[in-house]
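Per-entry structural report
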Amino acid sequence: MIKESDIPRFLHSRYALILFAVIALITTYLASSWGKVIPILDNKGLGLTPINQWLESGAMSHAINVMLNFAMCIVLIYINKTFNILRNPTLIFAWLFLVLQMPFIDLTGQLYGGTVMAMVMLVCAFIMFTTYNANSPYEIFMVFAIISFSAFFQYAFLFYIPVFLVGCVQMRTFNIRTILAALMGVITPAWIIYGFGILKFQDFSMPQFVGIYEQQSSLELIQMLIPIGLSAIICIGAWLANMVKIISYNAQNRAFNGLFAIISFATILLLMADFTNLIVYVPLLNCCAALQLGHLFTIYESRRSYVGVIAIVVVYTALYIWGVCL
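Residues numbered from 1 in each chain as written. Predicted model: local features only at pLDDT ≥ 70, side-chain atom pairs only at ≥ 80, totals over all residues. Heavy atoms only, no water.

Describing the packing of aromatic side chains
Overall, the coordinates contain 13 aromatic pairs when judged by the stated rule. Geometrically, the ring pair formed by W239 and F265 is edge-to-face, given 4.9 Å between the ring centres and 85° between the ring planes. Here W239, found in helix α10 (residues 218-246), pairs with F265, found in helix α11 (residues 251-273); they are 26 residues apart in sequence, far enough to count as distant. Classification of F265 by relative accessible area gives partly exposed; the value is 29%. Ring-pair connections join several aromatic residues into one group, and the members of that group are Y78, F83, F126, F129, Y132, F256 and F260. (Phe/Tyr/Trp six-rings, centres within 6.5 Å; stacked < 30°, edge-to-face > 60°. Helix = DSSP H or I, 4+ residues; strand = E, 2+ residues; numbered from the N terminus. Buried < 20%, exposed > 50% of the residue type's maximum accessible area, 1.4 Å probe, protein only.)

Put into structure tokens, the structure is as follows:
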């Protein structure tokens, strides 16, 4: 017989992750097969082929995007396991990310810049964590080179250059060598791309701003903005609740959580400031919100904490159903 105490244990386990991974596969497949996935106009690189144009819309684009979402779950788990971000081996944040992604039918059913950007930012965050309180110019160079190179496919990456510079301060590795390494990292991709003739200077293109409201009806826009706003509120609210406990952690753990907080708030601000391109920030926002939620439900774990988790699952499932049925 199932006891109430078994529910929280299940929600923090790998079995819950497997369950929601299967649900994610089913929900994205149904939305795609019912013709609910609208091709994304994401022509916003600085010269190289935009990410949404790497593959034609269809099964391959859908499958790769879903696999990248699962890969983000794995990276989040690995980051927590390696650096003990949440000070708990829970897996709840990984499957919560899949739940938060559920209402975004267009964004989960095809490969586009937002999925790639979220994955790249998680990898860069992992590299940054390895530089804590160390003289690590090579790792810093790598982070900024990755971000700079990615901007040729999606200009939004450029906005995270100052974010990771602040991250260098957070990791206690900000000095002259760091600044030079970051500068060289930003310059090197363009140097290689133009130096080897991959692009010519006349091929450089400014971002083409195609607002989401030009692609979607008013109802579809509302169906997207509601879960975006909800994810932003959840992220901020969970972070504020977590701060009470985080300030008691050691300096290293505070720095690690601080970097994710910086990325979270930068992403929310960019959602508002770069409105015509807001869809590219959604997966990263959901990564940050899921991590903050996971932290919240481990810090304030109690016998009835599962009620809040189930409430979030119900709300986001209802938003998904609303999206596919109307």
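Some details on unusual backbone geometry
Unusually for a residue other than glycine, N84 sits at a positive phi of about 55°. Notably, R87 is not glycine yet its phi reads approximately 55°, a positive angle. Structurally, R87 is set in the loop between α3 (59-83) and α4 (92-101). With a relative accessible area of 41%, R87 lands in the partly exposed category.

Observations concerning α10
Look at α10: 41 Å from first C-alpha to last across 29 residues, which is about the 42 Å you get at 1.5 Å a residue. Along α10, the helix axis deviates most sharply at L240, where the bend reaches about 25°. (Expected span 1.5 Å × (residues − 1). Bend = angle between axes of the 7 residues up to and from the residue.)

Brief notes about the side chain of N242
Inspection of the secondary structure assignment puts N242 in helix α10. Judged by relative accessible area, which is 0%, N242 ranks as buried. With near-sequence residues (within four places) excluded, N242 lies in contact with Q292, H295, L296, I299 and Y300. (Contact = heavy atoms within 4.5 Å.)

Side note on the environment of A63
Secondary-structure assignment places A63 in helix α3. Sequence spacing of A63 and A318 is 255 residues, and the spatial spacing of their C-alpha atoms is 24 Å.

Some details on the pattern of salt bridges
A complete count under the given rule lists 1 salt bridge for this structure. As a salt-bridge pair, D6 and R9 come within 2.7 Å of each other at their nearest N and O atoms. On the criterion of helical spacing, the pair formed by D6 and R9 is a turn pair, its members being 3 residues apart in helix α1 (residues 6-11). Judged by relative accessible area, D6 falls into the partly exposed class, the value being 27%. (Salt bridge = Lys/Arg side-chain N within 4 Å of Asp/Glu carboxyl O.)

Let's talk about the nonpolar core
Counting 103 residues, the largest nonpolar core has W95, L96, M121, F129, Y160, F164 and I263 as its most contacted members. No other element matches helix α6 (residues 113-129), which puts 12 residues into this core. If near-sequence neighbours (up to four positions away) are discounted, F129 is found in contact with I79, F83, I85, M171, F256, L259 and F260. Counting residues in each nonpolar core, the second largest holds 6 residues, with A31, V37, M102 and V324 among its members. (Core = buried A, V, L, I, M, F, W, Y, C linked by side-chain atoms within 4.5 Å.)

A short note on the packing of helix α7 (residues 137-150) against helix α9 (residues 176-195)
Where α7 meets α9, the closest approach of the two axes is 7 Å, and the angle between their N-to-C directions is 40°. Taken together, the axes of α7 and α9 are oblique relative to one another. Regarding α7 and α9, the two cross each other, and that crossing is right-handed. Along its contact with α7, which presents P137, I140, F141, F144, A145, S148 and F149, the element α9 presents R177, T178, A181, A182, M184, G185, V186, T188, P189 and I193. (Axes fitted to C-alpha atoms, helices over the stretch in contact; angles between N-to-C directions. Parallel < 35°, antiparallel > 145°, perpendicular 65-115°, else oblique. Left-handed = near helix turned anticlockwise from the far one by under 90°.)

Let's talk about the state of the cysteines
One pass over the full model with this rule turns up 0 disulfides. Residue C73 stays outside any disulfide, its sulfur separated by 7.7 Å from that of C287, the closest cysteine. Take C73: its relative accessible area is 3%, and that puts it in the buried class. (Disulfide = S-S within 2.5 Å.)

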